[in-house]
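# Per-entry structural report
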Amino acid sequence: MRDKIQPGRTTAARDGEVVVLLIGMRVNHLWALHRWLPVFFAMPAMLRELVKDRSAGLLHHLLLTGSPRTYYVVQYWESKEKLLDYARAAGRKHHPWWARVNRYARDGKGHVGIWHETYVVPAGHHESLYGDMPPFGLGRAYGTVPLGAGVGARDRLKV
């Protein structure tokens, strides 16, 4: 059960490279539903496809909102190669949706903003700490392991 609280301090069970994609949209003009609503619904369609086919490489995702106008997804990927392969794969939802979203954004005259940021974090350059939490974020994507007494961020970062 993923929502079961893990007592004590844990960390993500990942020693290797971590790939994180942040992707989202901002509604610039609320009244222009016909411009931003199709963009809003594009991501759930892709996420359903990725959750159904775990071999594509998406390990975990979080749907978040930054404000009533800003919505985004944090995605944890198995590798940068799998992320890039999915983005350009023929027959997958991303390619046609991306073309459609770009068209809505371009033709929308500023009604909707879109953005993404990709981070490829080398091994030893990421760390995590969860205290009395169910698996979350990196810990949900990669699993968790208990932290020993006296183990700090410097030890986990290996710097």
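Residues numbered from 1 in each chain as written. Predicted model: local features only at pLDDT ≥ 70, side-chain atom pairs only at ≥ 80, totals over all residues. Heavy atoms only, no water.

The name given to the protein chain in an unreviewed UniProt entry is DUF4188 domain-containing protein, with the source organism recorded as Streptomyces fungicidicus.

All right, on to the packing of aromatic side chains then. In total, this model carries five aromatic pairs according to the counting rule given. Where F40 meets Y71, the ring centres are 5.4 Å apart and the plane angle is 85°; that geometry is what we call edge-to-face. Here Y71 lies in strand β4 (residues 70–77) and F40 lies in helix α1 (residues 33–52), a separation of 31 residues in the sequence. With relative accessibility at 30%, the residue F40 sits in the partly exposed group. Relative to Y86, the ring of W77 has its centre 6.1 Å away and its plane inclined at 35°; by these criteria the two rings are tilted. The exposure classification of W77 matches that of Y86, with both residues buried. Among the aromatic residues, those joined into a cluster by ring pairs are W36, F40, F41 and Y71. (Phe/Tyr/Trp six-rings, centres within 6.5 Å; stacked < 30°, edge-to-face > 60°. Helix = DSSP H or I, 4+ residues; strand = E, 2+ residues; numbered from the N terminus. Buried < 20%, exposed > 50% of the residue type's maximum accessible area, 1.4 Å probe, protein only.)

Further remarks concern the pattern of salt bridges. Using the criterion set out here, one finds five salt bridges in the structure. K82 serves as the salt-bridge partner of E78, at 3.3 Å between the closest nitrogen and oxygen. Residues joined in a network through salt bridges with shared partners are E17, K80 and E81. (Salt bridge = Lys/Arg side-chain N within 4 Å of Asp/Glu carboxyl O.)

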